[in-house]
There are 4 protein chains.
Amino acid sequence: MFIELELQSDRPIFAQIAQQIVEGIASGELNPGDAMPSVRSLASDLGINLHTVNKAYQVLKQDGFLQVHRKKGVVVQPGEMPGVTEAFIDKLHRQLRSVASEAVVRGMSESEFVAASLAVYRGDLMYKGDNLE
Amino acid sequence: MFIELELQSDRPIFAQIAQQIVEGIASGELNPGDAMPSVRSLASDLGINLHTVNKAYQVLKQDGFLQVHRKKGVVVQPGEMPGVTEAFIDKLHRQLRSVASEAVVRGMSESEFVAASLAVYRGDLMYKGDNLE
Amino acid sequence: MFIELELQSDRPIFAQIAQQIVEGIASGELNPGDAMPSVRSLASDLGINLHTVNKAYQVLKQDGFLQVHRKKGVVVQPGEMPGVTEAFIDKLHRQLRSVASEAVVRGMSESEFVAASLAVYRGDLMYKGDNLE
Amino acid sequence: MFIELELQSDRPIFAQIAQQIVEGIASGELNPGDAMPSVRSLASDLGINLHTVNKAYQVLKQDGFLQVHRKKGVVVQPGEMPGVTEAFIDKLHRQLRSVASEAVVRGMSESEFVAASLAVYRGDLMYKGDNLE
DNA sequence: GTGGTCTAGACCACC
DNA sequence: GTGGTCTAGACCACG
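Thresholds applied
- Residues numbered from 1 in each chain as written.
- Chains lettered and ligands numbered in written order.
- Predicted model: local features only at pLDDT ≥ 70, side-chain atom pairs only at ≥ 80, totals over all residues.
- Heavy atoms only, no water.
- Helix = DSSP H or I, 4+ residues; strand = E, 2+ residues; numbered from the N terminus.
- Expected span 1.5 Å × (residues − 1).
- Buried < 20%, exposed > 50% of the residue type's maximum accessible area, 1.4 Å probe, protein only.
- Contact = heavy atoms within 4.5 Å.
- Near = heavy atom within 4 Å.
- Polar contact = N/O pair within 3.5 Å; in protein donor to acceptor, adjacent residues only side chain to side chain.
- Nonpolar A, V, L, I, M, F, W, Y, C, P; charged D, E, K, R; others polar.
- Axes fitted to C-alpha atoms, helices over the stretch in contact; angles between N-to-C directions.
- Parallel < 35°, antiparallel > 145°, perpendicular 65-115°, else oblique.
- Left-handed = near helix turned anticlockwise from the far one by under 90°.
- Buried area = accessible area lost by both parts, 1.4 Å probe.
- Salt bridge = Lys/Arg side-chain N within 4 Å of Asp/Glu carboxyl O.
- Phe/Tyr/Trp six-rings, centres within 6.5 Å; stacked < 30°, edge-to-face > 60°.
- Lys NZ or Arg CZ within 6 Å of the ring centre and 35° of its normal.
- Least-squares fit on C-alpha atoms with pLDDT ≥ 70 in both.
- Core = buried A, V, L, I, M, F, W, Y, C linked by side-chain atoms within 4.5 Å.
- Pairing = 2+ DSSP bridges.

You'll find chain A entered in an unreviewed UniProt entry as GntR family transcriptional regulator, with Paenibacillus baekrokdamisoli given as the organism.

Caption draft 1: Examining helix 4 (residues 86-105) of chain D more closely. For helix 4 of chain D, built from 20 residues, the straight-helix expectation of 28 Å at 1.5 Å per residue is met to within 8% by its first-to-last C-alpha distance of 28 Å. Those residues of helix 4 of chain D lying buried are Phe 88, Leu 92, Leu 96, Ser 98, Val 99, Ala 100, Ser 101, Glu 102, Ala 103, Val 104 and Val 105 of chain D. Packed against the buried residues of helix 4 of chain D are helix 1 (13-27), helix 4 (86-105) and helix 5 (110-123) of chain C together with helix 5 (110-123) of chain D. Positive phi appears at Gly 107 of chain D, one or two residues downstream of helix 4 of chain D, with a value of about 85°.

Caption draft 2: Geometry of the protein's contact with DNA strand F. Around DNA strand F lies a shell of 23 residues, among which Ile 13, His 51 and Thr 52 of chain A, His 51 of chain C together with Lys 55 of chain D are the nearest. Each atom of DNA strand F within 4 Å of the protein belongs either to a base or to sugar and phosphate, the latter forming 72%. His 51 of chain A is positioned with one of its side-chain polar atoms (N or O) 2.8 Å from a base oxygen of DNA strand F. Between Lys 55 of chain D and DNA strand F, the recorded distance is 2.6 Å, taken from a side-chain N or O atom to a phosphate oxygen. Examining the composition of the surface near DNA strand F, we find that 4 residues originate from one element, helix 3 (residues 50-63) of chain C, more than from any other. Class assignment of the residues belonging to the surface near DNA strand F gives a composition of 10 nonpolar, 8 polar and 5 charged.

Caption draft 3: The arrangement of the packing of helix 5 (residues 110-123) of chain A against helix 4 (residues 86-105) of chain B in detail. In the contact formed by helix 5 of chain A and helix 4 of chain B, the axes pass within 8 Å of each other and the chain directions differ by 55°. Judged on the interaxial angle alone, helix 4 of chain B and helix 5 of chain A are oblique. Every pair of crossing elements has a handedness; the one defined by helix 5 of chain A and helix 4 of chain B is right-handed. On helix 4 of chain B, the residues touching Phe 113, Ala 116, Ser 117, Val 120 and Tyr 121 of chain A of helix 5 of chain A are Leu 92, His 93, Leu 96, Arg 97, Ala 100 and Val 104 of chain B.

Caption draft 4: Geometry of the interface of chain B and chain A. Taken together, the contacts link 43 residues of chain B with 43 residues of chain A. Together, the buried faces of chain B and chain A total about 4500 Å²; carbon and sulfur atoms form 69% of this surface. For chain B, the biggest contributors to the area lost against chain A are Val 105, Arg 106 and Tyr 121 of chain B; these three give 18% of the whole. At the junction of chain B and chain A, the tally comes to 6 salt bridges. Between Glu 102 of chain A and Lys 91 of chain B there is a salt bridge, with the nearest N and O atoms lying 2.7 Å from each other. At the surface where chain B touches chain A, the tally comes to 13 residue pairs in polar contact (both at pLDDT 80 or more). Of all the secondary structure elements, the ones that give two or more residues to the side of chain B that touches chain A are helix 1 (13-27), helix 4 and helix 5 (110-123) of chain B.

Caption draft 5: Up close: the interface of chain D and chain C. At the interface, 43 residues of chain D touch 43 residues of chain C. Together chain D and chain C conceal approximately 4500 Å² of surface at their shared face, both sides included; 69% is due to carbon and sulfur atoms. The largest share of the area that chain D buries against chain C comes from Val 105, Arg 106 and Tyr 121 of chain D, three residues that together contribute 18% of it. Seen at the junction of chain D and chain C, the total is 6 salt bridges. At the boundary of chain D with chain C, the tally comes to 13 residue pairs in polar contact (both at pLDDT 80 or more). Residue assignment for the side of chain D that touches chain C shows that the elements contributing at least two residues are helix 1 (13-27), helix 4 and helix 5 of chain D. Take the side of chain D that touches chain C: its biggest share by element is 16 residues, from helix 4 of chain D. Each residue belonging to the side of chain D that touches chain C can be placed in one class, and the counts come to 24 nonpolar, 10 polar and 9 charged.

Caption draft 6: The arrangement of the pattern of salt bridges in detail. Counted by the stated rule, this structure contains 16 salt bridges over all chains. The network of salt bridges with shared partners includes Lys 91 of chain A together with Glu 102 and Arg 106 of chain B.

Caption draft 7: Fine view of the packing of aromatic side chains. A full pass over the atoms with the stated rule returns 4 aromatic pairs over all chains. When the centroid spacing of 5.5 Å and the interplanar angle of 35° are considered together, the rings of Tyr 121 of chain A and Phe 113 of chain B count as tilted. You can see Tyr 121 of chain A sitting in helix 5 and its partner Phe 113 of chain B sitting in helix 5, one on each of two chains. Given a relative accessible area of 0%, Phe 113 of chain B falls into the buried group. Over the ring of Phe 14 of chain C we find Lys 55 of chain C, and its NZ or CZ is 4.7 Å from the ring centre.

Caption draft 8: The protein's contact with DNA strand E, seen in detail. What surrounds DNA strand E is a group of 23 residues, the closest being His 51 of chain A, Lys 55 of chain B together with Ile 13, His 51 and Thr 52 of chain C. Sugar plus phosphate, as a fraction of atoms of DNA strand E within 4 Å of the protein: 72%. A distance of 2.7 Å separates a base nitrogen of DNA strand E from a polar atom in the side chain of His 51 of chain A. Asn 54 of chain A is positioned with one of its side-chain polar atoms (N or O) 3.5 Å from a phosphate oxygen of DNA strand E. Residue assignment for the surface near DNA strand E shows that the elements contributing at least two residues are helix 2 (39-46) and helix 3 (50-63) of chain A, helix 1 and helix 3 (50-63) of chain B together with helix 1 and helix 3 of chain C. Per element, the largest residue contribution to the surface near DNA strand E is 4 residues, and it comes from helix 3 of chain A. Class assignment of the residues belonging to the surface near DNA strand E gives a composition of 10 nonpolar, 8 polar and 5 charged.

Caption draft 9: Looking closely at the relation of the copies chain D and chain C. Overlaying chain D on chain C yields an RMSD of 0.3 Å, the required transformation being a rotation through 180° with an accompanying axial translation of 0.1 Å. Read as a symmetry element, the transformation amounts to a two-fold axis. Residue by residue, 100% of the interface of chain D is reproduced at the interface of chain C, so both copies engage with the same surface.

Caption draft 10: Region of the structure containing the nonpolar core. Core analysis: the largest hydrophobic core is formed by 74 residues, its most contacted members being Ile 17, Ile 21 and Tyr 57 of chain A together with Ile 17 and Ile 21 of chain B. What Ile 17 of chain A contacts, discounting residues up to four positions off in sequence, is Ile 3, Leu 5, Leu 46, Ile 48, Val 53 and Ala 56 of chain A. By size, the runner-up hydrophobic cluster in this structure holds 73 residues, among which are Leu 42 of chain C together with Met 36, Val 105 and Val 120 of chain D.

Caption draft 11: Just the pairing of strand 2 (residues 73-76) of chain B, in detail. Residue and element names in this part refer to chain B. Summarising the sheet, strand 1 (residues 66-69) and strand 2 pair through 4 bridges and their orientation is antiparallel. Note on strand 2: the bridge partner recorded for Val 68 is Val 74. Turn length for the strand 1-strand 2 hairpin, with the two strands adjacent in sequence and antiparallel, is 3 residues.

Right under this line is the structure:
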């Protein structure tokens, strides 16, 4: 699991970590039940504070993507992943809307926009697709 | 031009204003050359601080969506709107990626995701569509 | 709003704070829309670190009892309080079960146990009851 | 005696064990004088550490629910079970209060709350009730 | 060793 | 002024 941080981004570090873990799950690089590195080791690997890693884990635990297991530490949700909840739909629409309106104003066509969405969606399945041969 | 703020959102108010102005342009509710309300009046209408409105305008001016006109004050870009720059493509991909990976993990199908993107893109053209008919 | 901490309790400080705020809402001492003290001021009042107070606020925000308002800081949920969710029922049963089984073994009768539950439930409405005259 | 652990619960394993033993006594599944499985065998059955089971036994011995018997090893308190001490009343009230106040805020009615308490109390007597008929 | 909690002190964006 | 984030370093319960 490789995580690359942009320390000087406007996006919080913990959010970057959380997102890349989700991407890892989406791509099949991380599988249900897999053990995550301990907060300490990941923090040390990334050269950041353990609390920052911990916050990322907490956020994902809260959303149901990770679980804290008493014996194995933090693991990727071994049971059922959270589904397409109403809250997620809301979030999805809000984020899409913010980016779509700018695309419209900048003159990006409908097909270009949809093509970009599709490409990105498929990109997240890259690894998994490779694994499935 | 109606702007609705969510004071308890995690999204900064100035960003909410900026986005809704872009949406207004996308939908055709705001047209090139239109005069924007003065910082003071908009701030007063929204019941917020002058600085907040000003920051929203600054951001949009910076991106080329607004212009400062000698007599009319702040106006919607009367000339050519900023196009699909490489920077925008990057931003688009980054934002899509963040939401797409979560969609994948939550089990949202490719077609559902693309349909959502399309719906949102078209939603931004709602007003314009109405006007065109 | 008075909060009393047991610094040497096994119960985390942040949890004590969170619970006493909920009790304050239950009793009517805190009403929807009321502004909570800032993390800094409450922390200073209680003689603890601001992060500890912050965590209590975060937990309550997560559960929907508090909201973070961009202008007023942290406020008591002004809209609808979270209802009797399935998750709460689960939590309720788990906690009741833990205490009820011990009550049974210690020979506390059914009526004594129910009476205690009732008394405690009503106790939480003490202030509110007083206010309603 | 069946003990089921939730490894990903926030509740310590030793506490889960201790509670389920108390529940076993409450339900009549475990009777005064009954021999408890040895620390080693129980630990092995549950697939956990010796120390963890030991700690559960220590806690229960401390409270008077278990006793160390010269020959039989650890047994369920053969004499008089601990009664309704003042310390227990305190604990009972503290725990009930924490859950009752949240119930009040969430709009759970007095009768619903009392009904839940009663149901849980009786639930702990399920087995015993079955045996008595 | 793990995660959970707490402290202390700092910088930041926002309003 | 507010809350949000990050760092550094510490202690604890748990397994």
